[in-house]
Amino acid sequence: MTLVIVLGMLGVLSLVCSANDAYIGFSGGAAKLMDDHPSISMTDEHVRVDIFKDSYTVRASFNFSNDGKETRVSVGFPVRGSKPQAILKFNTWVDGKKVTTENSPLDPKPDDEGNYSYWKIKSVVFPAKINISSIVEFSAPLGDSSIGHHFVDYVYGTGKSWRGSIARAVFDFRFNEENRIDRASYGIYNSTYVFSIAHRAKGQIVYEVKDLEPTSEWDSIHFSFCPSEPDWNQERRRCHEWLDRAERYREDLGDLRELSLGDLRILRNMVFARRGKVFKDPELQKLFEATSWYKPNEANDPENISVDEKNLVERLSKQEALIRSAAPYQE
């Protein structure tokens, strides 16, 4: 499949599809302190998202500190979706002990956009001067946009309810990245924070941000991707866009780690397609034949490329090799 990313413990972002696209989906997210408290802070969070064919699973770990007296507070986890009960399963633990939650409100009503929002709330005791940990695990169906993309939303903005900033937040996305033509790009959009890529391996991209202090309760991450069966009319447009970028060799192509292995392969072979190379791989041949600029010519020497073109091919090949050889990220 083809993938792109949006981050948020209840927020949304996407480089592949617009945030205004109509969609059918679900958002879950980070722990929220339901009432302000002066002494409890979230020190760090680690969010792992495993993406499958029709659904995804989130396992989020949080560490908290209480600099004041022992206190009991309500902690909520956001649920927002186009259906009242879109979540497939939900479990949460405090210091290794499984705890129960209650939904609030019990009977959510749709908002003006047709989305249902509610909270899964648990009661937690924070001992004085002691750190505690909490884990949340939930599964939900993949979202569908009006332009045919699937996506995952995760809201991180609820973290703004805790005292101070979150010292470190890690978002670890894992997916099936086969060695095939997966037309996808990965990336995060956020108007306030830079989500730096901490690690990139085959089927994994990890973002990290320090001193995270969300500005909105619904700040989120949006991870979007195309189905494995592409629309070739759409691919024709995308090839034109990529060709334009590839021809501007002196301009920055962006962070190559945000490109899928399929994207890197297409861009690398596009250099030779411009010279009329006929490809043995039927998928590549079909892809370039769908463009208006591809003129197959077996008499041409496709290896006769310029220095700039050779440099581009070398960059793309190197990045492909780095992704394939990198070990999975471990927290």
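### Things to note about the sheet that holds strand 8 (residues 89-94)
With mixed pairing, the eight strands of this open sheet are ordered in space as 9-8-12-6-5-15-17-16. Among the strands making up the open sheet, the edge pair consists of strand 9 (97-99) and strand 16 (196-201). Here the average twist between neighbouring strands, direction ignored, is 20°. In this structure, strand 6 (residues 55-66) lies alongside strand 12 (residues 131-141), joined through 11 bridges in antiparallel fashion. Note that in strand 12 the partner of Phe64 across the bridge is Ile132.

### Some words on the environment of Ile323
Positionally, Ile323 belongs in helix 4 (residues 307-325). Between the C-alpha atom of Ile323 and that of Ser260, which follows or precedes it by 63 residues, the distance is 9.2 Å.

### Considerations on the pairing of strand 16
Taken together, the five bridges between strand 16 and strand 17 (residues 204-212) define a ladder with antiparallel strand orientation. Counted as the bridge partner of Arg200 is Ile205 from strand 17.

### Quick look at empty space enclosed by the protein
The final tally for this structure, using the stated rule, is two cavities of 30 Å³ or more. The space that makes up the largest cavity amounts to roughly 40 Å³. Forming the walls of the largest cavity are Phe64, Val75, Val94, Lys122, Val124, Phe126, Ile132, Ser134 and Trp162. Elements represented by at least two residues in the lining of the largest cavity include exactly strand 11 (116-126) and strand 12. Sorting elements by how many residues they give to the lining of the largest cavity places strand 11 first, with three residues. Broken down by class, the residue content of the lining of the largest cavity amounts to seven nonpolar, one polar and one charged.

Cut-offs and rules
Residues numbered from 1 in each chain as written. Predicted model: local features only at pLDDT ≥ 70, side-chain atom pairs only at ≥ 80, totals over all residues. Heavy atoms only, no water. Pairing = 2+ DSSP bridges. Helix = DSSP H or I, 4+ residues; strand = E, 2+ residues; numbered from the N terminus. Axes fitted to C-alpha atoms, helices over the stretch in contact; angles between N-to-C directions. 1 Å grid on protein atoms, 1.4 Å probe; cavity = no way out; pocket = protein on both sides within 12 Å on 5 of 7 lines; lining within 4 Å. Points joined across faces, edges and corners; volume = space filled by probe spheres on them. Nonpolar A, V, L, I, M, F, W, Y, C, P; charged D, E, K, R; others polar.

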